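Chains, contacts and geometry: an overview
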Amino acid sequence: MLTYTPVSEAGGVGKTTTAATLAVSHARNGHDVLAIDMDTQNGSLTYFFGPDYDRGDPEVDNLVRHLVGRPKGDFQDLTHEVEAGVDLVPSHNMLEDLHEFLLSEKQQADRLGESYSMYHQLHRVLRDADVREAYDVVVVDTAGKAGPILYNALVAVRNVVIPFEATAKGQESIEGLDDLVDGLEENIGVDVGVLAVLPIGYRDTRDQREILGELRESGFPVPVVIGERGSLMEGCWRQQCSPYRYIEEHRSRERDYELETLEQFEELAAFLEAEAGLDTPEVSA
């Protein structure tokens with residue numbers, strides 16, 4: 001099984017777009033994909049794919065209720081098929097209070113003399129729901145900052161893909177993520193691997209070439225490099241669909257550089273699948 005979360009301490013690098021596009025890429029490769037939206041911001045996977053769902057409804061069953069052991073139904077009932085082969089567990093406003101909910105559960109467990117880890121609850125939920133039997137790939141989109149949401153995601157998936165802006169700011173975010181992952185491994189006791197770094201918005205300037213070279217020399221895997229595709233990604237957000245569907249349904253003509261971008265995401269998806277030992281059929285037409 002392939003499990004990971006796109007993570008970046010820098011904002012605006014395309015973390016959610018990366019999660020959405022890769023999820024659909026895996027599905028087009030013939031895999032059953034579960035995408036989980038744990039981002040508290042409105043501009044998240046839930047908005048990107050636009051399922052018929054009210055994230056502000058306090059009565060609806062949602063992931064937070066499952067994380068704190070108070071579900072209203074089965075985990076599978078949380079999912080919405082958003083594109084062929086991709087099921088989404090949408091975000092909910094209760095995520096903003098997740099730390100308080102988990103802390104309350106831990107305090108209660110402590111009073112009862114029971115063991116309770118605030119950061120292993122997503123792992124528990126996915127295990128109890130037999131997600132491994134239903135899906136080949138799990139992609140979790142989270143808030144970028146350190147905290148119980150990100151920690152739960154990392155403990156559950158154990159792998160990260162890092163969208164990267166080839167600038168000095170981007171380099172700092174890579175270094176900061178290294179510190180974050182090292183700290184998590186030390187404090188929580190799990191190993192977290194970097195599956196790939198994904199440069200996005202690359203314009204092939206001299207400075208960017210130097211930064212990209214340094215990134216590769218540092219040992220990070222960089223399977224593909226994505227150029228500036230602002231128009232394509234903005235169109236996806238506007239139409240609430242993946243780049244594949246956007247080009248097929250909302251472009252009057254095919255643009256070679258956009259098709260090349262989709263091929264690169266397919267290449268990256270295949271690389272990640274190979275890292276997990278998944279068989280990758282031919283990409284669907």
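So, a few notes on the structure that sits alongside this text.

Cut-offs and rules
- The numbers attached to residues start from 1 for each chain and follow its sequence in the written order.
- Only residues with pLDDT of at least 70 get local features here, since the model is predicted, and only at 80 or more are side-chain atom pairs given and counted; chain-wide, interface and lining totals rely on the full set of residues.
- Think of the side-chain values as coming from all heavy atoms in the structure, minus any hydrogens and water.
- Helix axes are fitted to C-alpha atoms over the stretch in contact, other axes to C-alpha atoms as well, and angles between N-to-C directions run from 0 to 180 degrees.
- In DSSP terms, a helix is any run of H or I states spanning at least four residues, a strand is any run of E spanning at least two, and both are numbered starting from the N terminus.
- Any angle from 65 to 115 degrees is called roughly perpendicular, while one under 35 is roughly parallel, one over 145 is roughly antiparallel, and all others are oblique.
- Contacts are assigned to residue pairs with any non-hydrogen atoms lying within 4.5 Å of each other.
- The residue classification treats Ala, Val, Leu, Ile, Met, Phe, Trp, Tyr, Cys and Pro as nonpolar and Asp, Glu, Lys and Arg as charged. All others, Gly included, are polar.
- Two strands form a pair only when DSSP identifies at least two bridges running between them.
- Buried means the residue's accessible area, taken with a 1.4 Å probe over protein chains only, is under 20% of the maximum for its type, while exposed means over 50%, and partly exposed covers the values in between.
- It is the directions from the helix axis to the C-beta atoms that the arc portrays.
- Counting of polar contacts relies on pairs of N or O atoms within 3.5 Å, with two restrictions inside protein: one atom must be capable of donating a hydrogen and the other of accepting it, and residues adjacent in sequence are counted only when both atoms are side-chain atoms.
- We count a salt bridge whenever a side-chain nitrogen from Lys or Arg sits within 4 Å of a carboxyl oxygen from Asp or Glu.

Between helix H1 (residues 15-28) and helix H11 (residues 243-250), the least distance of the axes is 8 Å, while the angle of their chain directions is 80°. With respect to each other, H1 and H11 are oriented roughly perpendicular. Packed against H1, whose contacting residues are Thr21, Val24, Ser25 and Arg28, the element H11 presents Pro243, Tyr244 and Glu248 at the interface. Grouping the amino acids of the contact of H1 with H11 by side-chain chemistry returns 3 nonpolar, 2 polar and 2 charged.

What follows is about the sheet that holds strand E3 (residues 80-83). Pairing is mixed in the open sheet, where 7 strands are placed in the order E3-E4-E2-E5-E1-E6-E7. For this open sheet the edge positions go to E3 and strand E7 (193-199), each flanked by a neighbour on one side alone. Taken over all neighbouring pairs, the strand axes of this sheet differ in orientation by 25° on average, direction set aside. Across 3 bridges, the pairing between strand E1 (residues 2-6) and strand E5 (residues 137-142) is parallel. Bridge assignment links Thr3 to a residue of E5, and that residue is Val138. In the packing of H1 onto the sheet, contacts are made with E1, strand E2 (33-38), E3, strand E4 (86-89), E5, strand E6 (159-164) and E7, and the angle to E5 comes to roughly 170°. Contacts from helix H12 (residues 256-276) reach E1, E6 and E7 within the one sheet, and its direction differs from that of E7 by about 170°.

Let's shift gears to helix H10 (residues 230-239). Residues of H10 that are buried: Leu232, Met233, Gly235 and Cys236. What you see down the axis of H10 is that its buried residues fit within an arc of 155°, all on one side. More than 90 degrees from the buried face of H10, the exposed residues found are Glu234 and Arg238. Here the buried face of H10 lies against H1, helix H2 (45-49), H11 and H12. With its phi angle positive at about 55°, Gln240 sits one or two positions after the end of H10.

On to the environment of Asn159, then. Looking at where Asn159 falls in the secondary structure, it is placed in strand E6. For the pair Asn159 and Thr5, spaced 154 residues apart in sequence, the C-alpha separation works out to 6.5 Å. Those residues in contact with Asn159 that lie beyond four places of it in its chain are Thr3, Tyr4, Thr5, Val192, Gly193 and Leu195. Only 3.1 Å separates the side chain of Asn159 from the backbone oxygen of Thr3, close enough to count as a polar contact.

What follows concerns the pattern of salt bridges. Oppositely charged side chains are able to pair whenever their charged atoms sit close together. Considering all chains together, one arrives at 12 salt bridges under this definition. A salt bridge links Asp39 to Lys15, with the shortest nitrogen-to-oxygen separation between them at 3.9 Å. A residue pair is termed long-range when its members are at least 10 positions apart, and Asp39 in the loop between E2 and H2 and Lys15 in helix H1 qualify at 24 residues. An identical accessibility class is assigned to Asp39 and Lys15; each is buried. Residues Glu266 and Arg28 are paired through a salt bridge, measuring 3.9 Å at the closest nitrogen-oxygen approach. On the criterion of sequence distance, the pair formed by Glu266 in helix H12 and Arg28 in helix H1 is long-range, its members being 238 residues apart. In this structure, Glu266 and Arg28 share a single accessibility class: buried. If you follow the salt bridges from partner to partner, you end up with Lys15, Asp39 and Asp141 in one network.

Relative to the helices and strands, Ile247 is located in helix H11. Assessed through its relative accessible area of 7%, Ile247 is described here as buried. As for Ile247 and His31, which are separated by 216 residues in sequence, their C-alpha atoms are 21 Å apart. Apart from the residues within four sequence positions on either side, Ile247 is in contact with Leu232, Glu258, Leu259 and Leu262.

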